[in-house]
Amino acid sequence: MNTHKILLVEDDAEISEMLANYLSMENYEVACVADGQEACNQFDSGTFSIVLLDLMIPKISGMEVMQHIRKSSVVPVIIISAKDTEADKTLGLGLGADDYITKPFSVVEVLARIKANIRRTTQYDNNTPIAAPIILNAGDLVMNLSDYTVTKQGTPVELKAKEFDILKLLMQNPKKVYTKEQIYSLVWNDTYYGDENAVNVHISRLRSRIEDDTRNPRYVLTVWGIGYKLGDML
């Protein structure tokens, strides 16, 4: 039986009930809250595998809830919102969301996104052997696949799950150029629908954490008209 617990933050009672009932039937434990203040309280007092977060909620906005969560946790957060502009998606992903689903949505799609995000964050916690190499190197960057860490010149670099996965993909294949479609399909484990914004945002966030100068990156290079590749560290 699935033991994952979901925090569902949604002020529309009908949507909240529909999602909670569906996810409960899929053996998830769902805690439902209807405003931002209660969302923060619930998150601080419980342990959750994933958060489903509406942006337009009372008392405290969804964006503020996101910021509160990211102060202490890297738990996957999926934004579910009627706000579907590129600016809204960019802001949500930039603040640390792992995924963004616009209303109206399919509950089947929501379930698929939940499973994909939980799978990414738990794959490093099981006892199955990790395929070699355990350590990946790129210049001053060292990635340890056994404990999910990255250091630069010996100093820890804090990466979100997708940022880690993008960097891992490039470091494991240092000579390969990946299109945005390939990165999305491999890292998000989902079908690419032409929305390259998610990849752009996460590449930008990754660079801000590992590059000395984001305007002249050394580690994650843009191959214009194609995609991205690892910089030549030799």
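Everything that follows concerns the structure shown earlier in this document.
A. Region of interest: helix α7 (residues 180-188). Taken as a whole, α7 has its buried residues at Ile 183, Tyr 184, Val 187 and Trp 188. Looking straight down α7, one finds that the buried residues subtend no more than 100 degrees of arc, so they occupy a single side. In the stretch just after α7, Asn 189 is the one whose phi turns positive, near 50 degrees.

B. Quick look at the packing of helix α6 (residues 161-172) against helix α8 (residues 197-210). Between α6 and α8, the shortest axis-to-axis distance is 9 Å and the interhelical angle comes to 85 degrees. Accordingly, the angle class assigned to the pair α6 and α8 is roughly perpendicular. Across the interface between the two elements, Lys 162, Glu 163, Ile 166 and Leu 167 of α6 pack against His 202, Ile 203, Arg 205, Leu 206, Arg 209 and Ile 210 of α8.

C. Region of the structure containing the side chain of Asp 35. Inspection of the secondary structure puts Asp 35 in the loop between β2 (29-33) and α2 (36-45). Within the structure, the side chain of Asp 35 is placed 2.7 Å from the backbone nitrogen of Glu 38, a separation counted as a polar contact. With residues near it in sequence (within four places) discarded, Asp 35 still touches Val 9, Ile 57, Pro 58 and Lys 59.

D. Spotlight on the nonpolar core. Core analysis: the biggest nonpolar cluster contains 52 residues, and Val 51, Leu 167, Ile 183 and Ile 210 have the highest contact counts within it. The next biggest cluster of nonpolar side chains, apart from the first, holds 19 residues, and it includes Ile 6, Tyr 22, Ile 50 and Leu 52.

E. Just a negative patch on the surface, in detail. On the surface, a cluster of negative charge is made up of Asp 11, Asp 12, Glu 14 and Glu 17. Inspection of the secondary structure assignment puts Asp 11 in the loop between β1 (5-9) and α1 (13-25).

F. Structural detail: the sheet that holds strand β9 (residues 155-156). Ordered in space as β6-β7-β8-β9, the four strands form an open sheet in which the pairing is antiparallel. With partners counted over all chains shown, the strands left at the sheet margins are β6 (135-138) and β9, one partner each. With four bridges connecting them, strand β7 (residues 141-144) and strand β8 (residues 149-152) associate as antiparallel partners. Following the sheet pairing, Asn 144 is matched in β8 by Thr 149. Taken strand by strand, α6 contacts β6, β7 and β8, and its axis lies near 105 degrees from that of β7.

Cut-offs applied
Residues numbered from 1 in each chain as written. Predicted model: local features only at pLDDT ≥ 70, side-chain atom pairs only at ≥ 80, totals over all residues. Heavy atoms only, no water. Buried < 20%, exposed > 50% of the residue type's maximum accessible area, 1.4 Å probe, protein only. Helix = DSSP H or I, 4+ residues; strand = E, 2+ residues; numbered from the N terminus. Arc of directions from axis to C-beta. Axes fitted to C-alpha atoms, helices over the stretch in contact; angles between N-to-C directions. Parallel < 35°, antiparallel > 145°, perpendicular 65-115°, else oblique. Contact = heavy atoms within 4.5 Å. Polar contact = N/O pair within 3.5 Å; in protein donor to acceptor, adjacent residues only side chain to side chain. Core = buried A, V, L, I, M, F, W, Y, C linked by side-chain atoms within 4.5 Å. Patch = residues over 30% accessible without salt bridge, like charges linked within 9 Å, V, L, I, M, F, W, Y side chains within 5 Å. Areas by Shrake-Rupley, 256 points an atom, 1.4 Å probe, with all protein chains shown as cover. Salt bridge = Lys/Arg side-chain N within 4 Å of Asp/Glu carboxyl O. Lys, Arg positive; Asp, Glu negative; His and termini not counted. Charge placed at Lys NZ, Arg CZ, Asp CG, Glu CD. Pairing = 2+ DSSP bridges.

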